[in-house]
Number of protein chains: 2
Amino acid sequence: MFKAMCATQAKGPLKSIEFDPGRLRPNQVQIKVRYCGLCHSDLSMLNNDWGITQFPFVPGHEVVGTLEEVGGQVKHLKVGQTVGLGWFSQSCMTCRQCMTGHHNLCATAEQTIVGRHGGFADRVRCSAEWALPLPERLDVSKVGPMFCGGITVFNPIVQFGVLPTHRVGVVGIGGLGHMALQFLSKWGCDVIAFTSSDSKRDEAIKLGATSVVNSRNPDDMKKLAGSLDFLLVTANVDLDWNAYIDTIAPKGRLHFVGVVPNPVPVPVFNMILAQRSLSGSPLGSPATTAQMLEFAARHHIAPVTENYKMTQANDALEHLHAGKARYRIVLENDLG
Amino acid sequence: MFKAMCATQAKGPLKSIEFDPGRLRPNQVQIKVRYCGLCHSDLSMLNNDWGITQFPFVPGHEVVGTLEEVGGQVKHLKVGQTVGLGWFSQSCMTCRQCMTGHHNLCATAEQTIVGRHGGFADRVRCSAEWALPLPERLDVSKVGPMFCGGITVFNPIVQFGVLPTHRVGVVGIGGLGHMALQFLSKWGCDVIAFTSSDSKRDEAIKLGATSVVNSRNPDDMKKLAGSLDFLLVTANVDLDWNAYIDTIAPKGRLHFVGVVPNPVPVPVFNMILAQRSLSGSPLGSPATTAQMLEFAARHHIAPVTENYKMTQANDALEHLHAGKARYRIVLENDLG
């Protein structure tokens, strides 16, 4: 039997349960959970904001733990290894996307907390391709959030060929943005942090921003006109997108990883004049996630975390819901 | 003195005039015009649709002619060469865009019919970098429209790395689209033509489309779901963009060269899920234009043209305004 923190209805609360996970499939591995991040998507799923949540529901998709069992077909992983597991828990391995290394774009990819139980548990399973061994130098108590928030912002840097010579911007200095600043700074870029909160200014600089712009100041925005090669939007609110598009350099890109509520009204003439692009991307592939882990280990990049015990998951959810998380929450497993 | 067809007020008519062009600048060349295409942008400028037209106004930015004089600084061109001239007539040559081969994105680029007289004339001038020698095999009586309409659709194929293995779509089978079909077909792509006009179906196939889709048929559109690596919009009307975005493959691109009237409402979640991009581009650089000319010569690509004399420019404009042009109009110089 597995132990888990489970909600029987939308908005919780989570209660401790036990459930029978059935037999391990030959392509799967079983992870003894040590830590699991709490991501805003866990809260959205708990509240059934996207209408896809199945109850009983066990959140958790930023897992770090120890391999306890590997299926008969799994040859590249061994019991005892420390691994991480993120939003995806299985890909088909045979579609064009999987066959070209883009398992994250597999149309039938299984998601760790959609229709199955996630990592707020003593144990969790996944298909072997999504269990990623951790480089030794990473702090296991902090790395969990990299498997969702981290890879979400690292992936487009790789996918869209961001260069160390680029001037890049990060919109929204929160759970995603505070990791983006670190990655892009160590990537060698000139990094502009956009925030409407003066309280985050010093912290953005500490995290690697070259400078900080108050996005509510039209003069500051105008000074950046046509200068950003890549602008990463991690916010999930509607903003004055025309003002941001004007900051994009010729051949530059406005890129979304935050799901903003309303369609972005794109003025086509502005895009044409300077050959600008707008795009979006989800989490990265296993290969890109492994690159991120190696890069993070080499550059001492880690999310800024607050810590709870897994049995305190309801307190942690309340803290996140109140907008107080600075910047990611990690639960330590005390169930098992 | 130069002879030209000139409008003294918005909406014309064009009348024959003579004007003194002043001295040739050392970086310029002088072209004796043989042919000049009539582009929809000439009509928009004549009508002052964009509010930037200066009168007296001489249209014409799809020039083919013979070099008659070259300035003292011009070393790579010779009197007697056949050259073409398009929308741009000068770039600064020293900004970052010019210095990296993107003279078409130079912020201070001069435009052939903006604040200066264009190619509806017996002679026209430009800075030497924008006078492009024609490969011998091209038909001088037809190639004019390639310098605006042609390069507008060829440029993004190069800029965004369209591959012969890609499935691509072309929206709008008109002045631009009928050239895009030819380029993409010879590029080796699987080419889908989107049109709401059944009358253009056979012609689209002849021009190189693999298949033709009636964009007003939701079932046809649904069959293409998630399959297009590159979708080129040459139309300049508002369409059901959500339906088109749904046809874009993972990592694919919806690309605009047509200026559609209203902002395109982009659903960010759809872009994120499949790592889709939306973009726009203007005409190409001199280097890309030269590539296009070589490619067109090698593959016998040419616009489908209707022919008028330059002194019949008003009739030609009326024909274009009525939406009857199939697909590009070329004026033969009978002024000089």
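Thresholds applied
- Residues numbered from 1 in each chain as written.
- Chains lettered and ligands numbered in written order.
- Predicted model: local features only at pLDDT ≥ 70, side-chain atom pairs only at ≥ 80, totals over all residues.
- Heavy atoms only, no water.
- Helix = DSSP H or I, 4+ residues; strand = E, 2+ residues; numbered from the N terminus.
- Rg over C-alpha atoms; globule rule 2.2 N^0.38 Å.
- Buried < 20%, exposed > 50% of the residue type's maximum accessible area, 1.4 Å probe, protein only.
- Contact = heavy atoms within 4.5 Å.
- Axes fitted to C-alpha atoms, helices over the stretch in contact; angles between N-to-C directions.
- Parallel < 35°, antiparallel > 145°, perpendicular 65-115°, else oblique.
- Left-handed = near helix turned anticlockwise from the far one by under 90°.
- Nonpolar A, V, L, I, M, F, W, Y, C, P; charged D, E, K, R; others polar.
- Phe/Tyr/Trp six-rings, centres within 6.5 Å; stacked < 30°, edge-to-face > 60°.
- Pairing = 2+ DSSP bridges.
- Core = buried A, V, L, I, M, F, W, Y, C linked by side-chain atoms within 4.5 Å.
- Domains from an automatic or database assignment.
- Buried area = accessible area lost by both parts, 1.4 Å probe.
- Salt bridge = Lys/Arg side-chain N within 4 Å of Asp/Glu carboxyl O.
- Polar contact = N/O pair within 3.5 Å; in protein donor to acceptor, adjacent residues only side chain to side chain.
- Least-squares fit on C-alpha atoms with pLDDT ≥ 70 in both.

Any chance you could break down the overall build of chain A for me, citing the residues and the numbers?
Scanning chain A from N- to C-terminus turns up ten helices and 18 strands. In terms of C-alpha radius of gyration, chain A reaches 20 Å, essentially the compact-globule figure of 20 Å for 336 residues. Its C-alpha atoms put chain A at 60 × 40 × 35 Å along the principal axes. With 336 residues in all, chain A has 58% of them scored as buried. Pairs at least 24 apart in sequence give 67% of the contacts found in chain A among residues at least 6 apart.

How would you summarise the packing of helix H3 (residues 149-159) of chain B against helix H4 (residues 177-186) of chain B if you had to cite specific residues and measurements?
Residues and elements named next belong to chain B. It is at 9 Å that the axes of H3 and H4 come closest, and there the two elements cross at 40 degrees. Relative to H4, H3 is oriented oblique. Judged by the sense of rotation from one axis to the other, the crossing of H3 with H4 is right-handed. When H3 is examined against H4, the residues Gly149, Gly150, Val153, Phe154 and Ile157 are found in contact with a partner set consisting of Met179, Ala180, Phe183 and Leu184.

Report on the packing of H3 of chain B against helix H9 (residues 286-299) of chain B, specifying residues and quantitative values.
All names here are of chain B. Relative to each other, H3 and H9 sit at 100 degrees, their axes nearing to 10 Å. Judged on the interaxial angle alone, H9 and H3 are roughly perpendicular. Facing Gly150, Ile151, Phe154, Asn155, Val158 and Gln159 of H3, the residues of H9 in contact are Thr288, Thr289, Gln291, Met292 and Phe295. Split by residue class, the contact of H3 with H9 holds five nonpolar, six polar and no charged.

Please provide a residue-by-residue account of the packing of aromatic side chains, values included.
Counted by the stated rule, this structure contains 20 aromatic pairs over all chains. What links up through ring pairs into an aromatic cluster is the set Phe154, Phe183, Trp187 and Phe295 of chain A.

Now, about the sheet that holds strand S12 (residues 211-214) of chain B: what can you tell me, with residues and values included?
Sheet strands pair via backbone hydrogen bonds, and the direction of the pair is either parallel or antiparallel. Taken in spatial order, the twelve strands make up an open sheet running S12(A)-S11(A)-S10(A)-S13(A)-S14(A)-S16(A)-S16(B)-S14(B)-S13(B)-S10(B)-S11(B)-S12(B), and their pairing is mixed. Among the strands making up the open sheet, the edge pair consists of strand S12 (211-214) of chain A together with S12 of chain B. For this sheet, the mean inter-axis angle between neighbouring strands, taken without regard to orientation, is 20 degrees. Pairing geometry for strand S11 (residues 190-195) of chain A and S12 of chain A, over four bridges, is parallel. The residue of S12 of chain A that forms the bridge with isoleucine 192 of chain A is serine 211 of chain A. Set on the sheet, helix H4 (residues 177-186) of chain A makes contact with strand S10 (167-171), S11 and strand S13 (228-233) of chain A; between it and S10 of chain A the angle comes to about 170 degrees.

Tell me about the nonpolar core, and name the residues and values.
All names here are of chain B. Core analysis: the largest hydrophobic core is formed by 91 residues, its most contacted members being Val29, Ile31, Phe120, Leu181 and Phe183. Counting residues per element, this core draws most heavily on strand S3 (residues 28-38), at six residues. Counting contributing residues per domain, this core is built from domain 1 (2-148 + 302-332) and domain 2 (150-280), each supplying no fewer than three.

Describe the domain arrangement of chain A, and please don't skip the residues or the numbers.
Residue and element names in this part refer to chain A. Annotation of chain A at the domain level lists domain 1 (2-148 + 302-332) and domain 2 (150-280). Computed from C-alpha coordinates alone, the two centres of domain 1 and domain 2 are separated by 28 Å. Carbon and sulfur atoms make up 53% of the area that domain 1 and domain 2 hide from each other, which totals about 1000 Å². Together, Met146, Cys148 and Tyr327 form the three largest contributors to the area buried by domain 1 at its contact with domain 2, with a combined 51%. Connecting domain 1 to domain 2 are zero salt bridges. For the interface between domain 1 and domain 2, the tally reads eight residue pairs in polar contact (both at pLDDT 80 or more).

How would you sum up the pairing of strand S4 (residues 63-70) of chain B? Please name residues and give values.
All names here are of chain B. Alignment of S3 against S4, held across seven bridges, turns out to be antiparallel. The residue of S4 that forms the bridge with glutamine 30 is glutamate 69. Two strands pair when backbone bridges link them, and S4 and strand S5 (residues 82-85) are joined in this way by four bridges, in the antiparallel orientation. Bridge pairing in S5 places valine 63 opposite leucine 85.

Outline the side chain of glutamine 28 of chain B, listing residues and values.
Residues and elements named next belong to chain B. Relative to the elements of secondary structure, glutamine 28 occurs in strand S3. The exposure class of glutamine 28 is buried, given its relative accessible area of 5%. Not counting chain neighbours up to four residues away, the residues in contact with glutamine 28 comprise Val70, Gly71, Val74, Arg125, Cys126, Ser127 and Ala128.

Please provide a residue-by-residue account of the environment of proline 286 of chain B, values included.
Looking at the element boundaries, proline 286 of chain B is found in helix H9. Put simply, proline 286 of chain B and proline 59 of chain B are 227 residues apart on the chain and 21 Å apart in space, counted from C-alpha to C-alpha.

Break down the relation of the copies chain A and chain B for me, with residues and values.
Of the transformation placing chain A onto chain B, the axial shift is 0.0 Å and the rotation is 180 degrees, giving an RMSD of 0.0 Å. As the rotation angle and translation indicate, the two copies are arranged about a two-fold axis. Considering only C-alpha atoms, the part of chain A nearest the rotation axis is proline 265 of chain A, at 2.2 Å. The fraction of interface residues of chain A whose copies in chain B are also interface residues reaches 100%, indicating that both copies meet through the same surface.

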